[in-house]
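Single-letter residue listing:
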Amino acid sequence: MIPVKLTIEGLYSYQERQTIDFSSLTEAGLFAIFGNVGSGKSSILEAITFGLYGNSDRLGKTDFAYNMMNLKSNKLYIEFEFLNHENRLFKITREYKRNSKKFDKIINSGVVLYESINDEWIPKESSDVEPILGLSSENFRRTIIIPQGKFQEFIQLKATERTHMMKEIFNLHRYDLQDKVAALNSKNLTQLNILKGKLSGFEEISEENIKNTEDIFLQENEIASALQNEYKTVNDNFQRLKALKNDVENLKIKKEEFNHLTEQKIEVDKQQIQLQEYETVYQAFHQLLYDFSKTEKEIQVNQSNNESLKKELILLENELSTLSEKINEIKTEFENLPKKRQEENDLQLIDECISLQKSIDDNKIRTENGLKKVEEVKLAEKEIENQIKQTENEIKEIQKNKINSSELIEIGNWFSQQQNNTKALANQQQKIDKLNEKIEQILSKIKVLIPDFTETNQLNTILIDLDEKKKQLEANKTKLEVQQELSHFAHNLHNGEACPLCGALEHPQIIEEKDVSVHLTKINYDLKSTNDLYNELKTIFSEKSFIDEQLKAESDEYKIIENQLSNHLKTFVWQNFNPNNFADFEEKRNASLLLDKTIDEKNNSLFVLRENLEKSKVNVDRYSKKLEEIKIEEIEKQAQIKQNISQLKTLRFEDYINKNSTEIKEQLTALQLKNSNLEKSFKELTEKFSELNPKVFAHKKSIEISDQLIVTLNTELQKLTTKLKLVLEEQKIASVDDVKTILALELNVAKIRAEIQQFTINFETLKYSIKELESKLENISFDEQTFENEQLKLAELEQRYKLANEKVIELKTEIARLKKAFEEKKELLLELEKLQKRAENLKIMQNMFYKAGFVQYVSSIYLKQLCENANVRFHRMTRNQLSLQINETNDFEIIDYLNEGKSRSVKTLSGGQAFQVSLSLALALAESVQSNAQSDKSFFFIDEGFGTQDLDSVNIVFETLLSLQKENRIVGIISHVEELKDRIPMSLAITKDEERGSLIEILN
């Protein structure tokens, strides 16, 4: 990341908008920011990191916007242009505004990220810069811009946090394959288990099993074919008998059915005559009677409707007359309604005038109180200003008596090292004393076993003598055992029996041996005692030899620590302190810390006082502004009262001047209610009158039409009566009642005709079928017993064939299944072999990547490379006295060449040495980031450290920073070291004006 331009406004002490063009600064390669304490130097770095990532390392995440915004500003604005490692130009803007009504409420106006494409700023969809820079905000502060208090963070990180950082910076996530391998292994194991489960169902599948099943299939198939041929012959004969039986039974049934139909034919003939009569009457009278009945009903309905309309007309006319009378009663009052409405308007104007006058009276009291409050606040301001001056003077006096913090840290480190060395010497003496105690205990054990033991050197001689004694006793034991065995053989020899040694049958001179059992028992006891003593003494001797070696090593270590203590005492160079009086140092350090705490408390009080002063000034402005607003409001209300009085038309304001707003509102409400009710009543009456008029007219018209229709319908009814008489004469029917009796049957003509027709067809068809069957069965006989015998024989053959055929089908299906399963089994076995081999490989990979071990291994390689790169500069800065290395747990250690190259913790370094190693590591880390990003140039900024260095160390550090220019590196620093001002080619000077805030100036 290369900075191009930074614009800040309203951030901390930056009240006015300030812009830094980094072009000339980055071209110089090395630049610095100088300024007094509190001038706003570190705020420039925070503006960059906050602009990019939107978080504040100094303030955390709570209320950072309010605390970052200048108290005199109403807007916080940051605009930062930069180049990323791909040399693409970006710009990010962040803006916050103060709520005009609530001072401590800050509104986020938004953040926008732009990219310059063809000299035009194009907004990006996301404002996240992490993918663009390749760094999180934490690692950005560790490798690119290192803010105050964060310079030594990298060496102080725990191994896990440092590994996590290395993973992000160097993209080591690609080596973290544990989850992927575990997923692959889990998937492979699942597939293996599934495959083994499948194979468990193929245990009986083999080529031999398939061949046996095929042989059985051929045998069963021959049996089924033979049964099939026999079944066909018997079935043909049975079907012929079955057809004959069906014909005999069919003839019998049809004869019975024909007799039944013959009985029904008489009734069907009668039904046919009745149907013909019904059809004739229906065609002649049905429509005529229907029209006659319809006309009669219409006459009755119209007569009824006519009577109802006449009754309703009388009611409507009465209601219309009543409405007319009511309208006339309120008409005069309604015509006077506009004047009453004007009275309403006048009452509203009078009520507004009285309310305005009361508000004016209330504001006069508020104005008097406000003026008193302003005077009180101004007096409080003067008191706060006096307190601020007094506190500032107190801080200056305290600082005069304060000891230099860096000197206290160095002395504290010296005493800490002295105490560590003293403690280590005491611990070493304790170890030596414990070892001597163990030796005394061992010697006591030996004296218990050997009372005349006096010298340590005797122990080896005693062991040799015991070993010789043990060998002599074993030889004597062997001799006695041989004698005992010979005596046993001699005792068991008898003439005529073969000797077990030589085989002779005669034994002229049998040896006679004494019983050696007692001697053998004693020698076994002596041998065991000697052997136990030897083993115990040998164990004690080994233990003593080991402790002697330990005692020598611990004694040598004691001398080394003694030398370190002596050498460390020589490094004490502080005249105002006593190296042997740590209590005096502690007292002075505590006093200094107490002064620091007092200064912090005073500064906090000063900050609170200034905040209170600022709030007080804001309150004075707010109160003054509010008083002015009240005055303007009073003038406006007076003008409104005059205007309202001039608009009165029916009422006089003087008549109501002694009344209050409540009384006027009650009068207004009563008047409005009365006027509204009058208007509503008149409107409802007129609307109802308008609705009734058309209804009366409509009823009169309807009655007239109904009368005409009744006359017409009576004429039509007379014509139908005449026509009905003529048709009765034509059909030769006595009366209309006879016609109605016939039509009351309501016969379904189509259905009955179809039934008669179907009966006739069925009757003739059955008659023909009987004749056909009688002709067919002439001269043919049927035997029921022969039919039943053939039926049983066929059923038996069918069952046997069915069973045989089912067995053939089962065997055929089984052969196909076995062949298919055999092929599947071969494929599954091949797949099983592949999965088993894959499982072995995945197990090796899982062990390799377990618990991100491989990532930690790669991270340790990167850390070692960082140490090697850092040591190039660290050696120069420490004059080849110190070196940096990584231990087994991936923690940093220091190799001290002044102390025989032994390693120690980085926490033992002084403040200046810690700065040197941190700078060397930070430069090496930044170089690695640059190399990883393949960037032509890189930027690096630090905000602390030079105050802990002596003049020579400052020169070495400065030369190191200058050499970075040759490596195409851009370095920015913030420093209080005066000697650097003349040696740095380009710099920014930050000054703080009491009125305008922090101001930036570029110096050549």
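Structure: above.
A quick note: this is a predicted structure, and the numbers were derived from the prediction, not measured.

Visitor: Summarise the overall build of the chain; cite the residues concerned and give the values.
Guide: A tally of regular secondary structure across the chain gives 21 helices and 15 strands. Relative to its full complement of 1004 residues, the chain shows a buried share of 36%. Of the contacts made within the chain by residues no fewer than 6 positions apart, 76% connect residues no fewer than 24 positions apart.

Visitor: Got a sec to walk through the sheet that holds strand E5 (residues 89-98)? Specific residues and values, please.
Guide: Pairing within the open sheet is antiparallel, and its six strands lie in the order E2-E1-E4-E5-E6-E7. On the outer flanks of this sheet lie strand E2 (18-21) and strand E7 (120-123), each paired with one strand and no other. Going from strand to strand, the sheet's axes swing by 20° on average, the running direction of each strand aside. Most of the contacts of helix H2 (residues 41-53) go to E5, to which it runs at about 100°, and overall it touches strand E1 (2-9), E2, strand E4 (75-83) and E5.

Visitor: Break down the packing of helix H9 (residues 207-335) against helix H16 (residues 736-743) for me, citing the residues and quoting the values.
Guide: Running from amino to carboxyl end, H9 crosses H16 at an angle of 115°, the nearest separation of the two axes being 9 Å. Our pair here, H9 against H16, has a crossing hand that is left-handed. Here H9 contributes Glu277, Tyr278, Val281, Tyr282, Phe285, His286 and Leu289 to the contact with H16, which in turn contributes Val736, Val739, Lys740, Ile742 and Leu743. Along the lines of polarity and charge, the residues of the contact of H9 with H16 split into nine nonpolar, one polar and two charged.

Visitor: Talk me through the packing of helix H10 (residues 337-400) against helix H14 (residues 582-646); I want residue IDs and the actual numbers.
Guide: Two elements in contact, H10 and H14, have axes separated by 7 Å at closest approach and are oriented at 160°. With respect to each other, H10 and H14 are oriented roughly antiparallel. As H10 packs across H14, the resulting crossing turns out to be left-handed. Split into classes, the residues belonging to the contact of H10 with H14 amount to 22 nonpolar, 15 polar and 16 charged.

Visitor: Kindly report on the pattern of salt bridges, identifying the contributing residues and their values.
Guide: For the structure on display, the rule yields 17 salt bridges. Glu814 is paired through a salt bridge with Arg817; the nearest N and O atoms lie 2.7 Å apart. One end of the pair is Glu814 and the other is Arg817, both in helix H18 (residues 784-849) and three residues apart, which spans about a single turn. Among the charged side chains, a salt-bridge network with shared partners connects Glu86, Arg88, Glu115 and Lys124.

Visitor: I'd love a proper account of H16, names of residues and values included.
Guide: When H16 is considered as a whole, its buried residues turn out to be Val739, Ile742 and Leu743. Looking straight down H16, one finds its buried side chains confined to an arc of 95°; they lie on one side. Turned more than 90 degrees away from the buried face of H16 sit Asp737 and Thr741, all of them exposed. Where H16 is buried, its residues contact H9 and helix H15 (661-731).

Visitor: I'd love a proper account of the nonpolar core, names of residues and values included.
Guide: In terms of nonpolar packing, the biggest core is built from 49 residues, with Leu6 and Leu52 touching the most fellow members. The element contributing the most residues to this core is H2, with seven residues. Listed in part, the 27 residues of the second largest apolar core include Leu289, Leu720, Leu728 and Leu743.

Visitor: I'd love a proper account of the pairing of strand E6 (residues 106-117), names of residues and values included.
Guide: Two elements, E5 and E6, share nine bridges in a ladder whose sense is antiparallel. Paired with Tyr96 across the strands is Asn108, a residue of E6. Judged from the four bridges that link them, E6 and E7 form a sheet pairing that is antiparallel. Across the sheet, the residue bridging to Ile117 is Glu120, located in E7.

Visitor: Summarise the sheet that holds strand E11 (residues 902-905); cite the residues concerned and give the values.
Guide: The strand order across the open sheet built from three strands is E9-E10-E11, with neighbouring strands paired in antiparallel fashion. Each of the sheet's edge strands pairs with one partner strand only, and the pair in question is strand E9 (882-886) and E11. Neighbour-to-neighbour, the strand axes of the sheet open up by a mean angle of 40°, direction not taken into account. Here strand E10 (residues 892-896) pairs with E11 via four bridges, running antiparallel. Looking across to E11, one finds that Asp896 is bridged to Lys902.

Visitor: Any details on the packing of aromatic side chains? Residues and values, ideally.
Guide: Any aromatic ring pair is given by two values, namely how distant the centres are and how the planes are angled relative to each other. Enumeration according to the criterion identifies 13 aromatic pairs in this entry. Taken together, a centroid distance of 5.8 Å and an interplanar angle of 20° make the contact between Phe82 and Phe90 stacked. Judged by relative accessible area, which is 0%, Phe82 ranks as buried. The rings of Trp414, Phe415, Phe572, Trp574 and Phe582 are connected pair by pair, giving a single aromatic cluster. Its guanidinium or amino end placed over the ring of Tyr77, Lys75 lies 5.7 Å from that ring's centre, counting from NZ or CZ. For Lys91, the ring lying beneath its charged end belongs to Tyr114, and the centroid distance is 5.0 Å.

Visitor: So what about the side chain of Gln18? Which residues, and what values?
Guide: Relative to the helices and strands, Gln18 resides in strand E2. We classify Gln18 as buried; its relative accessible area is 10%. Here Ile1000 takes part through its backbone nitrogen, which lies 2.9 Å from a polar atom of the side chain of Gln18.

Visitor: Would you mind going over unusual backbone geometry in detail, with residue names and values included?
Guide: Only a minority of non-glycine residues have a phi that is not negative, and only a minority of peptide bonds are not trans. One non-glycine residue, Tyr12, lies in the positive phi region at around 50°. By the secondary structure assignment, Tyr12 is in the loop between E1 and E2. Using a relative accessible area of 15% as the deciding quantity, one classes Tyr12 as buried. In this model, Asp119 sits at a positive phi of 60°, which is unusual for a non-glycine residue.

Visitor: Describe in detail the side chain of Thr530, supporting the description with residues and values.
Guide: Relative to the helices and strands, Thr530 is located in helix H13 (residues 517-570). There is a polar contact of 2.8 Å between the side chain of Thr530 and the backbone oxygen of Asp526. Not counting the four nearest positions on each side in its chain, Thr530 is found in contact with Leu466, Lys469, Lys470 and Leu473.

Visitor: Any chance you could break down the environment of Gly29 for me, citing the residues and the numbers?
Guide: Mapped onto the elements of the fold, Gly29 is located in the loop between helix H1 (23-28) and strand E3 (30-35). A C-alpha to C-alpha distance of 9.1 Å links Gly29 and Phe939, two positions 910 residues apart in sequence.

Visitor: Residues and numbers for the environment of Leu595, please.
Guide: Tracing the chain through its elements places Leu595 in helix H14. The spacing of Leu595 and Gln399 is 196 residues in sequence and 7.9 Å in space, taken between C-alpha atoms.

Visitor: Let's hear about the environment of Val808: which residues, and what values?
Guide: Relative to the assigned elements, Val808 resides in helix H18. Judged by its relative accessible area of 7%, Val808 falls in the buried class. Spatially, the C-alpha atoms of Val808 and Asn221 are 5.8 Å apart, while their sequence positions differ by 587 residues. Those residues within four positions of Val808 in sequence are excluded, and the remaining contacts are Phe217, Glu220, Asn221 and Ala224.

Procedures and definitions
Residues numbered from 1 in each chain as written. Predicted model: local features only at pLDDT ≥ 70, side-chain atom pairs only at ≥ 80, totals over all residues. Heavy atoms only, no water. Helix = DSSP H or I, 4+ residues; strand = E, 2+ residues; numbered from the N terminus. Buried < 20%, exposed > 50% of the residue type's maximum accessible area, 1.4 Å probe, protein only. Contact = heavy atoms within 4.5 Å. Pairing = 2+ DSSP bridges. Axes fitted to C-alpha atoms, helices over the stretch in contact; angles between N-to-C directions. Left-handed = near helix turned anticlockwise from the far one by under 90°. Nonpolar A, V, L, I, M, F, W, Y, C, P; charged D, E, K, R; others polar. Parallel < 35°, antiparallel > 145°, perpendicular 65-115°, else oblique. Salt bridge = Lys/Arg side-chain N within 4 Å of Asp/Glu carboxyl O. Arc of directions from axis to C-beta. Core = buried A, V, L, I, M, F, W, Y, C linked by side-chain atoms within 4.5 Å. Phe/Tyr/Trp six-rings, centres within 6.5 Å; stacked < 30°, edge-to-face > 60°. Lys NZ or Arg CZ within 6 Å of the ring centre and 35° of its normal. Polar contact = N/O pair within 3.5 Å; in protein donor to acceptor, adjacent residues only side chain to side chain.

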